[in-house]
Amino acid sequence: MIKELINIKNLYVQVEGTTILKGLNLIVNQGEIHAIMGPNGSGKSTLAKVIAGHPSYEVTHGTITINGFNITHMDPEIRAHIGIFLAFQYPIEIPGVSNTDFLRLAYNCKRKANNLPELDPLSFFQLVNEKLDLIGMDSKFLNRNVNEGFSGGEKKKNEILQMSLLEPVVSVLDETDSGLDIDALKTIGNSINKLFDQEQGMILITHYQRLLDYIKPTFVHVMHEGSIKYTGDATLAKELEQKGYNFLNMKTLQ
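All figures in this text were calculated on a predicted structure; none of them were measured in a lab.

**Observations regarding the sheet that holds strand β3 (residues 33–37)**
Sheet strands pair via backbone hydrogen bonds, and the direction of the pair is either parallel or antiparallel.
Then, in step 1: An order of β6-β9-β10-β3-β11-β12 is seen for the six strands of this open sheet, with the pairing classed as mixed. Looking at strand neighbours, the two that pair on one side only are β6 (84–87) and β12 (227–232), the edges of this open sheet. Here the average twist between neighbouring strands, direction ignored, is 20 degrees.
Then, in step 2: Strand direction decides the pairing type here: β3 and strand β10 (residues 201–205), joined by four bridges, are parallel. Counterpart to I36 in the pairing with β10 is I205.
Then, in step 3: Of the strands in this sheet, β6, β9 (170–174) and β10 touch helix α5 (residues 152–166), which is tilted by about 170 degrees from β6.
Then, in step 4: The strands touched by helix α7 (residues 235–243) are β3, β11 (219–224) and β12; relative to β11, the strand with the most contacts, the crossing angle is about 45 degrees.

Here it is as structure tokens:
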């Protein structure tokens, strides 16, 4: 039996009085990867932030549930403990905080919230090194401050390292391919494939088909003016790359 992980139903969201999402619906089941594409300003990144619980975005109508729990108005940290993970398009730098301390605190906070024993520094070090090997990341990054002086590809690898440790129910990757060269894109794509579990779900937000050369989506959705206007399979992304969005005539799609 297919298990539903996240259900977004008739979602309306506004920012500073302007409505951005307008009746958006989306269901992600176990083992599914949903790619979301669309023109600039269609609401893709807004959707990512709303799922994660960004306080600047007000849900005026609709619901978001994960594993049957209504998280529509929950704080971001509670959503993270329940199993939501957001990989940022532009990961921020945190001077003065080592990557090891940041990762261990995040990992243990989630374990504590789920009534699991926290890992001591040595046990965590062993765990994180296993994850580093899996995604091909150098251990030297553990001793550096969070994302400080990292290249674009290194920052994105660090996001994937966080995802591997937190083992989310649903991962939302907001333009993870942004700013990556060809080699970094391949590395990130292959790392995500290694880490993705058939009990998990994933939402990939992207402008370009190139990321989907490495990560095959179950569905491709096209957003326009705050809602999903069109859904297809993995071949839709290639068609969009060749023809653009105009061929869908999204103004007439419901």
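From this point, the discussion proceeds with the structure in view.
**Considering the side chain of S98**
Then, in step 1: As for its position among the elements, S98 is in strand β7 (residues 94–98).
Then, in step 2: Residue S98 is classed as buried on the basis of its relative accessible area, which comes to 17%.
Then, in step 3: Each residue touching S98, except ones within four places of it in the same chain, is listed here: L142, R144, N145 and V146.

**Some remarks on helix α1 (residues 44–52)**
Then, in step 1: Most of α1 is tucked away, with seven of its nine residues classed as buried.
Then, in step 2: By the burial criterion, the buried members of α1 are K44, T46, L47, A48, V50, I51 and A52.

**Some remarks on the packing of α5 against helix α6 (residues 182–195)**
Then, in step 1: Closest axis-to-axis distance for the α5/α6 pair is 10 Å, and the angle between their directions is 5 degrees. Between α5 and α6, the angle falls in the class roughly parallel. Facing G153, K156, K157, I160, M163 and S164 of α5, the residues of α6 in contact are A184, T187, I188, S191, I192 and L195.
Then, in step 2: Broken down by class, the residue content of the contact of α5 with α6 amounts to six nonpolar, four polar and two charged.

**Observations regarding the packing of aromatic side chains**
Then, in step 1: Per the counting criterion, the structure on display carries two aromatic pairs.
Then, in step 2: Aromatic side chains Y107 and F124 sit 5.7 Å apart centroid to centroid with 50 degrees between the ring planes, which places their arrangement in the tilted category. Taken as a pair, Y107 in helix α3 (residues 99–113) and F124 in helix α4 (residues 121–135) lie far apart in primary sequence, 17 residues in all. Here Y107 matches F124 in class, with each residue buried.
Then, in step 3: Centroid distance F141 to F150: 5.1 Å. Interplanar angle 70 degrees. Geometry classified as edge-to-face. Exposure class is identical for F141 and F150. Each is buried.

Cut-off values and rules
- Position labels on residues start from 1 in each chain and follow its written sequence.
- pLDDT decides what is reported in this predicted model: residues at 70 or higher carry local features, side-chain atom pairs at 80 or more are listed and counted, and totals for whole chains, interfaces and linings draw on all residues regardless.
- As a rule here, side-chain values cover all heavy atoms of the structure and leave hydrogens and water aside.
- Only strands joined by at least two bridges in the DSSP assignment are considered to pair.
- Here a helix means four or more residues in a row that DSSP labels H or I, a strand means two or more in a row labelled E, and each is numbered from the N terminus.
- Here the axes come from fitting lines to C-alpha atoms, over the contacting stretch only for helices, and the angles between their N-to-C directions go from 0 to 180 degrees.
- The contact criterion used throughout is that any non-hydrogen atoms of two residues lie within 4.5 Å.
- Only protein chains enter the area calculation, which uses a 1.4 Å probe; residues under 20% of their type maximum are buried, those over 50% are exposed, and those in between are partly exposed.
- Roughly parallel here means an angle under 35 degrees, roughly antiparallel means over 145, roughly perpendicular means 65 to 115, and every remaining angle is called oblique.
- Three residue categories are used. Nonpolar comprises Ala, Val, Leu, Ile, Met, Phe, Trp, Tyr, Cys and Pro, charged comprises Asp, Glu, Lys and Arg, and polar comprises the others, including Gly.
- Any two of the Phe, Tyr and Trp rings considered here, Trp counted by its six-membered ring, make a pair once their centres fall within 6.5 Å; the pair's planes then place it as stacked at under 30 degrees, edge-to-face at over 60, or tilted in between.

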